[in-house]
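Spelled out, the chains give:
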Amino acid sequence: MNPRSPIALHDVLGQSIAVGTLRRAMETGRLHHAILFDGPSGVGKNLTAEAVAQCVLCEKPSGGVACGQCAACIKVLRRDAIGRSVHPDFATVAKAMYDPAVIGRKTQETQDISADQVRTVVLARMSLGAVFGRGRLFLIRDADELSVSAANALLKTLEEPPPRTYFILTSTRGGELLPTIRSRVQRIRFGPLPEDALCTILVREGHDPKVAEGVARDAQGSLTIAREKLGNGAKDGLEPWISSIEMALEDKTFAGALKAAEGSKGARDTVGAGLEAFAAHLVDTARKAASESSPKALRAADGYVRVQRALRQLDGNASPQLVTEALLADLRGMP
Ligand SMILES: [Zn+2]
């Protein structure tokens, strides 16, 4: 079951300019085939992309805008274990999103979104029609991470996609997109969320209105920051949790792993914050090891990618405990 309520474009909060632009485009049937959502993290870019996907794929849109209720609209929001929509005509491209074998690689993507991923996930589908025939949409998350060869592989399709094929690229630093990509997309700017919108979202997520108000005031318009702050309320559990993960990795028995998994029964926010902290720790380790030309660098970088994948699973509403267990098994299985 998908715990999220069916969202349509009019339910996106706090981005009235971006939503207004998209809505007018949809109502007049002039949605640009390649759009860049440019703005800070945690302000609703992915959510809006999902809402646009609903509009493209909806079974009974009204005036170009999705109903938010039909099977297609609901499927757009339903995610698999690692946070991808299960709707076959709504595909996600993001760094390290796919197992290497799936996209024809020997190793995981660590630096960028590879041309292999673009070829397998996007280009290979171009000669095929949409599965449900209504249209299809590709979401390219953090498009500034496209490698040069991936961007080059994408150019022709981005410029002239088949009918009813759309691309939404997201970025927190649109200025760093390759010029060849930038010149082919319509840029829509996403600003920080207004406090009242942020507060409404937090209350909808079940937080106390007074607490939500305080956090919203101090979150720089970012839901990500707001959630981090709320997660920090349970910070007591965090440090031991991270060290138990580290111990579990060193430990050749399963005792440490079990303890870490046990400790991750807690709130999603706490585990998310723990994983973020662990990822940051791995980046530090990788940097330090690299400066000493130590082989540990690769291992830490590889671990980082795996933690990022676990974070996506958590985003996709997988159980915090299961995500931790899977991550531990994954990290322990590393060469
Ligand atoms: Zn619908």
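Just above, that's the structure.
The notes below deal with the structure included here.

Procedures and definitions
- The numbers attached to residues start from 1 for each chain and follow its sequence in the written order.
- At least 70 in pLDDT is required for a residue's local features to be given in this predicted model, at least 80 for side-chain atom pairs to be given and counted, and no such filter applies to totals for whole chains, interfaces and linings, which use all residues.
- Think of the side-chain values as coming from all heavy atoms in the structure, minus any hydrogens and water.
- The helix and strand labels rest on DSSP assignments: H or I over at least four residues marks a helix, E over at least two residues marks a strand, and numbering proceeds from the N terminus.
- Type-normalised accessible area, obtained with a 1.4 Å probe on protein chains alone, sets the label of each residue: buried when under 20%, exposed when over 50%, and partly exposed for intermediate values.
- It only takes one pair of heavy atoms within 4.5 Å for two residues to be counted as in contact.
- Only the protein chains shown count as cover for residues, with accessible areas throughout obtained via the Shrake-Rupley method and a probe of 1.4 Å.
- Interaxial angles span 0 to 180 degrees and are taken between N-to-C directions of axes, which are lines fitted to C-alpha atoms, for helices over the stretch in contact.
- Angular relationships are summarised with four words: roughly parallel below 35 degrees, roughly antiparallel beyond 145, roughly perpendicular across 65 to 115, and oblique for the angles in between.
- Whether a crossing is left-handed or right-handed is set by the direction in which the near helix is turned from the far one by less than a right angle, anticlockwise for left-handed and clockwise for right-handed.
- Polar here means any residue outside two lists: the nonpolar Ala, Val, Leu, Ile, Met, Phe, Trp, Tyr, Cys and Pro, and the charged Asp, Glu, Lys and Arg; Gly therefore counts as polar.
- Among the buried residues, those of types Ala, Val, Leu, Ile, Met, Phe, Trp, Tyr and Cys that are joined through side-chain atoms within 4.5 Å form a nonpolar core.
- Here the bounds of each domain stem from an automatic or database domain assignment.
- Metal donors were taken as nitrogen, oxygen and sulfur atoms no farther than 2.8 Å from the ion, or 3.2 Å where the ion is Na, K or Ca. Water is excluded, so coordination may look unfinished.
- All geometry calls rest on donor angles, where a four-donor set with angles between 85 and 135 degrees is tetrahedral, four- and six-donor sets with opposite donors more than 155 degrees apart and all others between 65 and 115 are square planar and octahedral, and all else is irregular.
- Each aromatic pair joins two rings of Phe, Tyr and Trp (for Trp, the six-membered one) with centres within 6.5 Å, and gets the label stacked for planes under 30 degrees apart, edge-to-face for over 60, and tilted for any other angle.
- Between any two strands, at least two bridges found by DSSP are needed for them to pair.

Quick notes on the overall build of the protein
Link 1 in the chain: The number of helices and strands found in the protein is 14 helices and 5 strands.
Link 2 in the chain: In the protein, buried positions account for 47% of the 335 residues.
Link 3 in the chain: A separation of at least 24 residues holds for 68% of the contacts in the protein among residues at least 6 apart in sequence.
Link 4 in the chain: When the accessible surface of the protein is totalled, it reaches about 16300 Å², and 53% of it is carbon and sulfur.

Some remarks on the packing of helix 7 (residues 195-204) against helix 8 (residues 209-217)
Helices that pack against each other are described as a pair by the angle of their axes relative to one another and the distance between those axes.
Link 1 in the chain: Where helix 7 meets helix 8, the closest approach of the two axes is 8 Å, and the angle between their N-to-C directions is 140 degrees. Overall, the two elements helix 7 and helix 8 adopt an arrangement that is oblique. The handedness of the crossing between helix 7 and helix 8 is right-handed. Along its contact with helix 7, which presents Glu195, Leu198, Cys199, Leu202 and Val203, the element helix 8 presents Pro209, Ala212, Glu213, Val215, Ala216 and Arg217.
Link 2 in the chain: Its residues assigned to classes, the contact of helix 7 with helix 8 shows 8 nonpolar, no polar and 3 charged.

Some remarks on the nonpolar core
Link 1 in the chain: Core analysis: the largest hydrophobic core is formed by 46 residues, its most contacted members being Leu9, Leu22, Leu31, Phe37, Val52 and Leu137.
Link 2 in the chain: The greatest single-element share of this core, amounting to 7 residues, is contributed by helix 2 (residues 45-57).
Link 3 in the chain: Split by domain, this core shows at least three residues from each of two domains, domain 1 (9-189) and domain 2 (195-221).
Link 4 in the chain: Non-local contacts of Leu137, meaning those with residues more than four positions away in its chain, are made with Val52, Ala53, Val56, Asp89, Phe90, Ala91, Tyr166 and Ile168.
Link 5 in the chain: Ala91, Val121, Leu155 and Ile181 belong to the second-largest nonpolar core, a separate cluster that totals 28 residues.

Observations concerning the coordination of the zinc ion
Link 1 in the chain: Of the protein atoms, only Cys58 (SG), Cys67 (SG), Cys70 (SG) and Cys73 (SG) coordinate the zinc ion, at distances of 2.3 Å.
Link 2 in the chain: Around the zinc ion sit 4 donor atoms; with metal-centred angles ranging over 104 to 119 degrees, the donor geometry is tetrahedral.
Link 3 in the chain: Sequence positions of the residues that donate to the zinc ion give the spacing C-x8-C-x2-C-x2-C.

Concerning the side chain of Gln54
Link 1 in the chain: Following the sequence through the fold, Gln54 ends up in helix 2.
Link 2 in the chain: When residues no more than four places from it in sequence are discounted, the contact partners of Gln54 are Ile7, Ala8, Ala66, Gly68, Cys73, Val76 and Leu77.

What about the packing of aromatic side chains?
Link 1 in the chain: A complete count under the given rule lists 2 aromatic pairs for this structure.
Link 2 in the chain: Measuring from centroid to centroid gives 4.8 Å for Phe37 and Phe190, while their planes differ by 40 degrees, and the two rings are tilted. Here Phe37 is found in strand 1 (residues 34-38), whereas its partner Phe190 is found in the loop between strand 5 (186-189) and helix 7, with 153 residues between them in sequence. Exposure class is identical for Phe37 and Phe190. Each is buried.
Link 3 in the chain: Ring centres 5.2 Å apart and planes at 20 degrees place the aromatic pair Phe138 and Phe167 in the stacked group. Residue Phe138 is located in strand 3 (residues 136-140), and its partner Phe167 is located in strand 4 (residues 165-171); the two are separated by 29 residues in the primary sequence.

Quick look at the packing of helix 4 (residues 115-126) against helix 5 (residues 148-159)
Link 1 in the chain: The N-to-C vectors of helix 4 and helix 5 enclose an angle of 15 degrees; their axes lie 8 Å apart at closest approach. Between helix 4 and helix 5, the crossing angle belongs to the class labelled roughly parallel. At the point where helix 4 passes helix 5, the crossing takes the left-handed sense. On the side of helix 4, the interface is formed by Ala115, Val118, Val122, Leu123 and Met126, while helix 5 contributes Ser149, Ala150, Ala153, Leu154 and Thr157.

With respect to unusual backbone geometry
Link 1 in the chain: Even without being glycine, Ala96 reaches a positive phi, approximately 60 degrees.
Link 2 in the chain: Structurally, Ala96 can be placed in the loop between strand 2 (90-93) and helix 4.
Link 3 in the chain: Positive phi values are uncommon outside glycine, yet Arg164 reaches one of about 60 degrees.
Link 4 in the chain: Turning to its location among the elements, Arg164 is positioned in the loop between helix 5 and strand 4.

Brief notes about the sheet that holds strand 1
Link 1 in the chain: Spatially, 5 strands are ordered 2-3-4-1-5 in an open sheet, and the strand pairing comes out parallel. Strand pairing shows two members of the sheet lacking a second neighbour, strand 2 and strand 5, which therefore form its edges. This sheet shows a mean twist of 20 degrees between the axes of neighbouring strands, independent of strand direction.
Link 2 in the chain: Inspection of the sheet shows strand 2 paired to strand 3 by 4 bridges, in the parallel sense. What sits directly across from Ala91, in strand 3, is Phe138.
Link 3 in the chain: Against the sheet, helix 1 (residues 16-27) contacts strand 1 and strand 5, and its axis sits at roughly 140 degrees relative to strand 5.
Link 4 in the chain: Together, strand 2, strand 3 and strand 4 form the strand contacts of helix 4, whose direction differs from that of strand 2 by roughly 155 degrees.

Quick notes on the pairing of strand 1
Link 1 in the chain: Counted residue by residue, strand 1 has 5 buried out of 5 residues, so it is predominantly covered.
Link 2 in the chain: Burial of the side chains of strand 1 extends over both faces: Ala34, Leu36 and Asp38 are buried on one face and Ile35 and Phe37 on the other.
Link 3 in the chain: Where strand 1 lies against strand 4, 5 bridges are found, and the strand directions are parallel. Bridge pairing links Ile35 to Ile168 in strand 4.
Link 4 in the chain: In this sheet, strand 5 lies alongside strand 1 in parallel orientation, the contact comprising 4 bridges. In the sheet register, Leu36 faces strand 5, and the bridge partner there is Arg187.

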